[in-house]
Amino acid sequence: MSRSRGRRLGRAGIRDVAAAAGVSITTVSDALNGKGRLPEATRRHVREVADRLGYRPSAAARTLRTGKSGLIGLTVTTYGEEPFTFTEFAYFAEMARAASSAALARGYALVILPGSTRQSPYDVWSNVALDGTVVIDPSDRDPVVTELVRQGIPVVSDGRPCGDLPVTAWVDNDHEAAVTGLLDHLAAAGARRIGLLTGTSTDTYTRLSTSAYLRWCERKGQDPVYEAYPAHDPCAGAVAADRLLARPDRPDAVYGLFDPNGTDLLAAARRYGLRVPDDLLLVCCSESAVYAGTEPPITTLSLKPGRIGTTVVQLLIDAIEGAGGNRPVQQIMPTDLIVRASSQRRRSQTTISAPRSPEQHD
């Protein structure tokens with residue numbers, strides 16, 4: 001009894017692509033890696049053939065050929081050694097998902113690095129051979145960024161770096177315009193004294209957003225009403241929200257800079273018997289879909305982390321592969337104010353009354 005033997009189809013190799021495209025192996029390598037001086041038509045033709053054959057470059061072969069690992073890191077260093085699980089927040093989770101997809105599309109893998117450990121970050125990260133790193137919201141004079149650059153590792157920042165922090169490129173939002181726009185939105189809805197929940201860290205997002213609020217207050221002749229707290233502490237936001245609404249100069253509208261601020265402020269408003277939006281208008285910066293279903297739904301400012309994640313990875317890989325040029329690259333991404341019921345007052349005027357004590361429960 002004879003057994004028929006079929007040849008198992010293997011994954012296409014670089015020689016298969018070269019033969020199908022009618023070019024040399026070197027041309028295929030240059031076309032797929034963005035190297036050499038090839039006509040754009042040739043590069044496009046080779047890529048189309050490679051896609052049709054399902055060719056994917058071998059990571060091991062690339063490491064031997066280029067000396068690169070194909071690994072890029074992503075971390076948050078804003079809070080130094082303070083514990084902070086950043087992937088639990090919607091902004092960072094969405095940004096990391098987009099960054100991971102963008103990295104894979106370029107043949108790299110994304111490694112999520114701890115932002116804080118009991119060991120020095122340099123000791124932990126030295127165990128991973130990184131070609132480059134994305135750092136989210138680096139703090140002023142960030143020592144991690146400085147050390148990575150000193151070791152010759154390209155760094156791209158999600159967030160405009162302070163001073164002369166030596167990053168290769170950065171991507172950020174126009175926080176001045178975003179904050180000004182949402183404060184104008186609250187004022188147009190009838191707010192007369194707008195408060196702010198902000199952070200105590202020195203990262204650019206916190207610093208520029210707070211400065212924009214203070215300048216807006218100065219232009220409008222309003223005394224600033226704000227509370228600051230360490231944003232890495234999940235309990236501190238609720239305490240700060242309570243302090244803000246217990247002030248003698250209680251605001252009739254509040255903007256919260258961080259993801260949990262919407263629910264924190266909503267809970268504090270209920271404790272003080274304040275109705276949202278009639279007595280208190282609310283806006284917070286968040287990417288969470290939860291705020292579409294709160295009672296009432298809360299207006300949110302989106303910083304478009306998906307776009308930012310894709311862009312920072314593209315810029316980092318361009319720098320790793322020598323396609324980024326010598327000058328630092330700077331890109332500004334748009335924001336989006338998603339208006340919901342919490343920032344649209346149902347009556348034309350409101351009376352700002354002194355806060356009462358929180359409701360007592362048995």
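This structure is a prediction, so every number in the text was calculated from the model and none was measured.

Caption draft 1: Structural context of the overall build of the protein. A count of helical and extended segments in the protein gives 12 helices and 12 strands. In the protein, which comprises 362 residues, the proportion classed as buried is 47%. Within the protein, contacts between residues separated by at least 24 positions form 70% of all contacts whose residues are at least 6 apart in sequence. A total accessible area of about 18200 Å² is found for the protein, and carbon and sulfur atoms account for 50% of it.

Caption draft 2: Broad picture of the packing of helix 10 (residues 236–246) against helix 11 (residues 261–271). Between helix 10 and helix 11, the least distance of the axes is 9 Å, while the angle of their chain directions is 45 degrees. On the basis of their axis angle, the class for helix 10 and helix 11 is oblique. You can see that helix 10 and helix 11 cross each other, and the crossing is right-handed. Side by side, helix 10 and helix 11 meet where Gly237, Ala238, Ala241, Asp242 and Leu245 of the first sit next to Asp264, Leu265, Ala268, Ala269 and Arg271 of the second.

Caption draft 3: Just the side chain of Ser342, in detail. Tracing the backbone through its elements, the reader meets Ser342 in the segment after strand 12 (336–338). Among the residues examined, Ser342 registers a relative accessible area of 0% and is labelled buried. In this structure the side chain of Ser342 is engaged in a polar contact, spanning 2.8 Å, whose partner is the backbone nitrogen of Thr299.

Caption draft 4: Fine view of the nonpolar core. Membership of the largest hydrophobic core comes to 69 residues, with the highest contact counts inside it found for Ile72, Leu186, Leu245, Tyr255, Val312 and Val313. Among the elements that take part in this core, helix 12 (residues 305–320) stands out by supplying 7 residues, more than any other. Once you skip the residues sitting within four places of it in the chain, Tyr255 turns out to touch Val179, Leu182, Gly195, Leu196, Leu197, Tyr205, Val283, Cys284, Cys285 and Leu301.

Caption draft 5: Spatial organisation of the packing of helix 5 (residues 90–105) against helix 12. Where helix 5 meets helix 12, the axes come as close as 7 Å, and the angle between the chain directions of the two elements is 40 degrees. Looking at the two axes, helix 5 sits oblique to helix 12. Crossing hand, helix 5 versus helix 12: right-handed. Contacts between helix 5 and helix 12 involve Tyr91, Glu94, Met95, Ala98, Ala99, Ala102 and Ala103 from the first element and Pro305, Gly306, Ile308, Gly309, Thr310, Val312, Val313 and Ile317 from the second. For the contact of helix 5 with helix 12, the class distribution of residues is 11 nonpolar, 3 polar and 1 charged.

Caption draft 6: The arrangement of the pattern of salt bridges in detail. Counted according to the given criterion, the structure contains 11 salt bridges. Put simply, Arg243 and Glu227 hold a salt bridge, and the shortest N to O gap is 3.0 Å. Here Arg243, found in helix 10, pairs with Glu227, found in strand 7 (residues 225–229); they are 16 residues apart in sequence, far enough to count as distant. Residue Glu227 is classed as buried on the basis of its relative accessible area, which comes to 14%. Put simply, Arg275 and Asp279 hold a salt bridge, and the shortest N to O gap is 3.0 Å.

Reading the values: the criteria
Residues numbered from 1 in each chain as written. Predicted model: local features only at pLDDT ≥ 70, side-chain atom pairs only at ≥ 80, totals over all residues. Heavy atoms only, no water. Helix = DSSP H or I, 4+ residues; strand = E, 2+ residues; numbered from the N terminus. Buried < 20%, exposed > 50% of the residue type's maximum accessible area, 1.4 Å probe, protein only. Contact = heavy atoms within 4.5 Å. Areas by Shrake-Rupley, 256 points an atom, 1.4 Å probe, with all protein chains shown as cover. Axes fitted to C-alpha atoms, helices over the stretch in contact; angles between N-to-C directions. Parallel < 35°, antiparallel > 145°, perpendicular 65-115°, else oblique. Left-handed = near helix turned anticlockwise from the far one by under 90°. Polar contact = N/O pair within 3.5 Å; in protein donor to acceptor, adjacent residues only side chain to side chain. Core = buried A, V, L, I, M, F, W, Y, C linked by side-chain atoms within 4.5 Å. Nonpolar A, V, L, I, M, F, W, Y, C, P; charged D, E, K, R; others polar. Salt bridge = Lys/Arg side-chain N within 4 Å of Asp/Glu carboxyl O.

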